[in-house]
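The chain contents come next:
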Amino acid sequence: MAKTTKFALALAAFIAASPPVQAEIVACHVTYGGTTQTIVATPVDSPYGVAPVAISSYFLFRIVFQTQPADLASIKLYTYADRDSGPVIIHQASYTYPQTNAAVNGFTGLNFVYEPLRDSELQYWCEQK
């Protein structure tokens, strides 16, 4: 067997035996109206293409997880009220990257966001995995 073929077979066996590489994520646990949903974000190159996720019919939640370039590396969280005239930002939080999760409620702690017109409350906490 040729050296190249032996090397290719050995490399293929190594790759097959290696555990899969898991992508780094930020997971935010968002509660509204007694229902909790988990929103997961992976790193992006640009924040401009990250769309918010609808939380029921009134809130929007957006995670921008950027790891590169190093001077822009951060985790930014946005909460919007989804009004008839368009989304209005009502809460924004910025965290350096990387983050260390606390024992309870991840790296953000438990946050409460209130919408002033309808008195709605949204709760969230996020963790980096």
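Residues numbered from 1 in each chain as written. Predicted model: local features only at pLDDT ≥ 70, side-chain atom pairs only at ≥ 80, totals over all residues. Heavy atoms only, no water.

(A) Highlighting the overall build of the protein. In terms of regular secondary structure, the protein is built from one helix and eight strands. Secondary structure elements of the protein, listed N to C terminal, follow the sequence α-β-β-β-β-β-β-β-β. For the protein, the proportion of its 129 residues judged to be buried stands at 34%. Here the analysis covers contacts within the protein between residues at least 6 apart in sequence; of these, 38% occur between residues at least 24 apart. For the protein, the exposed surface amounts to about 8,100 Å²; the carbon and sulfur share of it is 57%. (Helix = DSSP H or I, 4+ residues; strand = E, 2+ residues; numbered from the N terminus. Buried < 20%, exposed > 50% of the residue type's maximum accessible area, 1.4 Å probe, protein only. Contact = heavy atoms within 4.5 Å. Areas by Shrake-Rupley, 256 points an atom, 1.4 Å probe, with all protein chains shown as cover.)

(B) Focus on the nonpolar core. Among the nonpolar cores identified, the biggest contains 21 residues, and Val-26, Cys-28, Val-30, Phe-61, Ile-63, Leu-77 and Tyr-124 are the most heavily contacted of them. Sorting the residues of this core by element identifies strand 1 (26-32), strand 2 (35-41), strand 4 (59-66), strand 5 (74-83), strand 6 (86-96) and strand 8 (120-128) as the ones contributing at least two each. Per-element accounting of this core gives the leading share, four residues, to strand 4. Setting aside anything within four residues of it in sequence, one finds Val-30 in contact with Thr-35, Thr-36, Gln-37, Ile-39, Ile-55, Phe-61, Leu-122, Gln-123 and Tyr-124. (Core = buried A, V, L, I, M, F, W, Y, C linked by side-chain atoms within 4.5 Å.)

(C) Main features of the pairing of strand 2. Two elements, strand 1 and strand 2, share seven bridges in a ladder whose sense is antiparallel. Looking at the pairing, Cys-28 lines up with Ile-39 of strand 2. Here strand 1 folds back onto strand 2, and the loop between the two strands holds two residues, one of which, Gly-33, carries a positive phi near 60°. (Pairing = 2+ DSSP bridges.)

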